[in-house]
Amino acid sequence: MNYQDLVDPSYDTSFSSVPNLRWTPWVGRTYSGAAFGKRLLIVGESHYAKANPNQTVEAGIEKYNGYKEFTREVIWECPISGEWPNRTLEIIPRIFMGDKNYRREEFWQGVAFYNFIQRMVNYDAKPPERPSKDDFMLGWTVFYDVLKVLRPDYCVFLGSTAHQCFWAAMKNMGADYSDVKRREKVGRCWGYRAGLKIADNEIPLVFIQHPGKCFSPPEWHQFLWREFPSEISDAQNRYLAGG
């Protein structure tokens, strides 16, 4: 088995027409067949480049910036196959399930995922590089087009920085939107919510703390359950072991 067995390629032609979309999003094979109102798009922040014994960080950035299937291979190799560790990716299902005992392949077959920032970021820089405001502004333009292709019912952003440019980006694009509202504080971080209308349907966007470090999966799971009770319950019924 490889990742091609788990993804739905029917969106790929449309993705190829999205300006500035560097990597083809992961779209699970059962994503489009989810129950009404239950299609989930998970939005990560960035792909990070690090040097290894066989490759400089600069060579890695050049290589993977030009490789369209990179996101899909990352999802297959790390959170599904466990070939290498990444805390952020491995913790994603627990945020939605509230439990470690979930059916891994089924979960990833049922959701869509891509990273918001459309270039590799240098993790080996001192301090590690962060995306710029221009990166986030471009990210919103790409996101708007990705939303038109995928038509999810709700979106969860892993990291809240993107919300800071939401109003300006929506104004620039002339989009129909509901502005960002602060929801509740979980630990030291706030959760946020906004909305973006696609074809007369407003899609809710929720922003949570980035799960890279100092992150509590149970507490943020409860936050998401309060924001999307029926959607999270549906996901638990489908993907929890014994569900």
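Before going into details, it helps to say that this report is about the structure given with it. (Residues numbered from 1 in each chain as written. Predicted model: local features only at pLDDT ≥ 70, side-chain atom pairs only at ≥ 80, totals over all residues. Heavy atoms only, no water.)

### Brief notes about unusual backbone geometry
Then step 1. In this structure, the amide linkage connecting Lys126 to the following residue, Pro127, adopts the cis form with an omega of -5°.
Then step 2. Assignment of secondary structure puts Pro127 in the loop between β5 (121-122) and α6 (133-150).
Then step 3. In this structure, Arg151 is a non-glycine residue whose phi angle is positive, near 45°.
Then step 4. Of note, Arg151 is situated in the loop between α6 and β6 (154-158). (Helix = DSSP H or I, 4+ residues; strand = E, 2+ residues; numbered from the N terminus.)

### Quick notes on the packing of aromatic side chains
Then step 1. Throughout the structure, instances matching the rule amount to 24 aromatic pairs.
Then step 2. Ring pairing ties together the aromatic residues Phe116, Phe136, Trp140, Phe143, Phe157, Phe166, Tyr177 and Phe207, which thus form one cluster.
Then step 3. Across the ring face of Tyr144, the terminal group of Lys148 is positioned such that the distance to the ring centre comes to 4.3 Å.
Then step 4. For Arg182, the ring lying beneath its charged end belongs to Trp190, and the centroid distance is 4.0 Å. (Phe/Tyr/Trp six-rings, centres within 6.5 Å; stacked < 30°, edge-to-face > 60°. Lys NZ or Arg CZ within 6 Å of the ring centre and 35° of its normal.)

### What about the sheet that holds strand β2 (residues 40-44)?
Then step 1. The seven strands are arranged β1-β4-β2-β6-β9-β8-β7 in an open sheet whose pairing can be described as mixed. For this open sheet the edge positions go to β1 (26-27) and β7 (177-186), each flanked by a neighbour on one side alone.
Then step 2. As paired elements, β7 and strand β8 (residues 189-198) share six bridges and run antiparallel to each other. Bridge pairing in β8 links Lys181 to Arg193.
Then step 3. The sheet strands contacting α6 are β1, β2, β4 (112-115), β6, β8 and β9 (201-208), and the helix crosses β8 at an angle near 60°. (Pairing = 2+ DSSP bridges. Contact = heavy atoms within 4.5 Å. Axes fitted to C-alpha atoms, helices over the stretch in contact; angles between N-to-C directions.)

### Some remarks on the nonpolar core
Then step 1. Counting residues in each nonpolar core, the largest one holds 42 residues, and the members touching the most others are Phe96, Phe107 and Ile208.
Then step 2. Going through the elements one at a time, β2, α3 (70-80), α4 (87-97), α5 (104-110), β6, β9, α8 (217-227) and α9 (229-239) are the ones with two or more residues in this core.
Then step 3. Apart from residues no more than four positions distant in its own chain, Ile208 is found in contact with Ile95, Val156, Phe157, Leu158, Gly159, Ser160, Phe215, Trp220, Phe223 and Leu224.
Then step 4. Grouped together as the second largest cluster of nonpolar side chains are 39 residues, Ala112, Phe136, Cys155 and Ala194 included. (Core = buried A, V, L, I, M, F, W, Y, C linked by side-chain atoms within 4.5 Å. Buried < 20%, exposed > 50% of the residue type's maximum accessible area, 1.4 Å probe, protein only.)

### Here's the deal with the packing of α6 against helix α7 (residues 166-173)
Then step 1. At a minimum axis separation of 9 Å, α6 and α7 run at an interaxial angle of 55°. As far as their axial angle goes, α7 and α6 are oblique. Two packed elements cross with a definite hand, and for α6 against α7 that hand is right-handed. Taking contact as the criterion, the partners of Met137, Trp140, Thr141 and Tyr144 in α6 are, on α7, Phe166, Ala168, Ala169, Met170, Asn172 and Met173.
Then step 2. Of the residues that constitute the contact of α6 with α7, the class distribution is eight nonpolar, two polar and no charged. (Parallel < 35°, antiparallel > 145°, perpendicular 65-115°, else oblique. Left-handed = near helix turned anticlockwise from the far one by under 90°. Nonpolar A, V, L, I, M, F, W, Y, C, P; charged D, E, K, R; others polar.)

### Remarks on the environment of His47
Then step 1. Take His47: it is sitting in the loop between β2 and β3 (48-49).
Then step 2. Residue His47 is classed as buried on the basis of its relative accessible area of 7%.
Then step 3. Between the alpha carbons of His47 and Asn115 there is a distance of 7.0 Å; along the sequence they are 68 residues apart.
Then step 4. Separated by 2.8 Å, the side chains of His47 and Thr71 make a polar contact. (Polar contact = N/O pair within 3.5 Å; in protein donor to acceptor, adjacent residues only side chain to side chain.)

### Regarding α7
Then step 1. Taken residue by residue, α7 has Phe166, Ala169 and Met170 as its buried positions. Summarising the axial view, the buried residues of α7 lie within an arc of 95°, below the 170-degree limit, and thus occupy one face.
Then step 2. Against the buried residues of α7 lie α6, β7, β8 and β9. (Arc of directions from axis to C-beta.)

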